[in-house]
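# Tertiary structure, described
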Amino acid sequence: MEVLLRVRRYDPEATNPKPYWAEYTLNDVKRTDRVLDLLHHVKWYLDGTLTMRRSCAHGICGSDAMRINGVNMLACKVLVKDLVKGEKGRIEVAPILGLHVIKDLVVDMEPFFDHYRSVMPYFVNDTEPPTAERMQTAEQRAIFDEGTKCILCAACTTSCPSFWANDSYVGPAAIVQAHRFIFDSRDMAGNDRLAILSEENAVWRCRTIFNCTSACPREIPVTRLIADVKKAIAGTMEIPSTAAVAGD
Ligand code: SF4
Ligand code: F3S
Ligand code: FES
């Protein structure tokens, strides 16, 4: 099949640096090719200056979130057949929104990771560890299981209109990461994270728009996890007791 691949490009070192659409007509595209395969074809055979991030090519590393036909997706997970129905079609690829474009499809992820770091995304427990492991029931684990699937791709945060309007908003990805520890029965810093997330540019900036949930390639119910954190701050949902943390 034939695909007209349109790629939003930008070279800060060009004589007249302005974003523009580059077009590549690709023949012999297989319906089962991924968008990443098409981008590789351009980079390897047509124009080696095309710049993008990718690593695992299997939906694990989270490095190739892009806006594909206007929707945030991982280029390595979306197949041509899901975007083009006939024997001929068009696919548009652009950088994710709300972050500064460095070159072509590469954005500056540092503000995203600053928000991530701000919510204490790590295990906190200063009690003496038990000789084996800190025990947890299947039910205790299930409460935060969904958040452990996050690969920090930023598809959620950069699809959120609240983030586009105010990039000081910590964003859904950071809240998912906070949820993963707030609701972990082995962790002791849940209240510290709730205090961080009740600040001006945190969880209350979420207006329940749901773009984040639609965009998540790991099918994490992002909006529901944000709602859990809102409820915990409002005192209508308990966070796990730290009483049993020591492994008893
Ligand atoms: Fe990506 Fe989903 Fe994690 Fe957001 S919650 S960063 S969309 S994996
Ligand atoms: Fe944004 Fe998702 Fe909330 S799209 S407004 S973080 S539900
Ligand atoms: Fe790793 Fe797509 S290249 S998630």
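Use the structure listed above.
Residue numbering note: each chain is counted from 1, following its sequence as written. In the order they appear in the text, chains get letters beginning with A and ligands get numbers beginning with 1. Given that this is a predicted model, residues contribute local features only at a pLDDT of at least 70 and side-chain atom pairs are listed and counted only at 80 or more, while totals for whole chains, interfaces and linings are drawn from all residues. Hydrogen atoms and water are omitted, and side-chain values are computed over all heavy atoms in the structure.

### Considering the site of ligand 2
Any residue with at least one heavy atom within 4 Å of a molecule or strand is counted as near it. Within the structure, ligand 2 sits among 13 residues, and C160, C206, R207, F210 and C212 are positioned closest to it. Helical segments are the DSSP runs of H or I of at least four residues, strand segments are the runs of E of at least two, and each set is numbered from the N terminus. Elements that contribute at least two residues to the shell around ligand 2 include exactly α7 (211-215) and α8 (222-234). For this scheme, ten residues count as nonpolar: Ala, Val, Leu, Ile, Met, Phe, Trp, Tyr, Cys and Pro. Four count as charged, namely Asp, Glu, Lys and Arg, and the remainder, Gly too, count as polar. A per-class count over the shell around ligand 2 returns 8 nonpolar, 4 polar and 1 charged.

### Structural notes on the packing of helix α5 (residues 172-182) against α8
To obtain each axis, a line is fitted to C-alpha atoms, and for helices this fit is confined to the stretch in contact; angles are then taken between N-to-C directions over 0 to 180 degrees. Contact geometry of α5 with α8 gives a least axis separation of 9 Å together with a crossing angle of 60 degrees. Classified by the interaxial angle, the pair formed by α5 and α8 is oblique. Read as a crossing pair, α5 and α8 show a hand that is left-handed. The residues of α8 that touch α5, namely those facing P172, I175, V176, H179 and I182, are V222, L225, I226, D228 and V229. In this scheme, roughly parallel covers angles under 35 degrees and roughly antiparallel covers those over 145, while 65 to 115 is roughly perpendicular and the rest are oblique. By definition, any crossing whose near helix is turned counterclockwise from its far helix by less than a right angle is left-handed, and any crossing with a clockwise turn is right-handed. Whether two residues are in contact is decided by their heavy atoms, any of which lying within 4.5 Å being enough.

### Re the sheet that holds strand β4 (residues 71-74)
In this description, strands pair whenever DSSP reports at least two bridges between them. With mixed pairing, 5 strands are arranged side by side in an open sheet as β2-β1-β5-β3-β4. Pairing within the sheet leaves two strands with one partner each, and these edge strands are β2 (20-26) and β4. Neighbour-to-neighbour, the strand axes of this sheet turn through a mean angle of 35 degrees, independent of strand direction. Both strand β3 (residues 65-68) and strand β5 (residues 88-94) contribute to a ladder of 2 bridges, which runs antiparallel. Across the sheet, residue R67 finds its bridge partner in β5, namely A94. Along the sheet, helix α1 (residues 35-46) makes contact with β1 (2-9), β2, β3 and β5, crossing β2 at roughly 95 degrees.

### Some points on the nonpolar core
Only buried residues count toward a nonpolar core. Its members are Ala, Val, Leu, Ile, Met, Phe, Trp, Tyr and Cys residues joined through side-chain atoms within 4.5 Å. The cut-offs for exposure are 20% and 50% of the maximum accessible area for each residue type, with area from a 1.4 Å probe on protein chains only; residues under the lower value are buried, those over the upper are exposed, and the others partly exposed. Among the nonpolar cores identified, the biggest contains 67 residues, and L5, L39, I91 and L197 are the most heavily contacted of them. When residues in this core are grouped by element, the largest group, 6 residues, is from α5.

### A few points about α1
Take the residue count of a helix, subtract one, and multiply by 1.5 Å to get its expected span. With 12 residues, α1 extends 16 Å from end C-alpha to end C-alpha; this agrees with the ideal 16 Å at 1.5 Å per step. Residues of α1 that are buried: V35, L36, L38, L39, H40 and V42. Residues of α1 that are buried sit in contact with β1, β2, β3 and β5.

### What to know about the pattern of salt bridges
Here, a salt bridge means any side-chain nitrogen of Lys or Arg that lies within 4 Å of a carboxyl oxygen of Asp or Glu. Within this structure, the stated rule accounts for 18 salt bridges. Of the charged contacts, one joins E110 and R117 as a salt bridge, the two residues approaching to 2.9 Å between their closest N and O atoms. Its salt-bridge partner being R205, residue E200 comes within 3.5 Å of it at the nearest N-O pair. Given the relative accessible area of 62%, E200 is considered exposed. Residue R205 is classed as partly exposed on the basis of its relative accessible area, which comes to 23%. A single network of salt bridges, built from pairs that share partners, joins R6, E23, R90 and E92.

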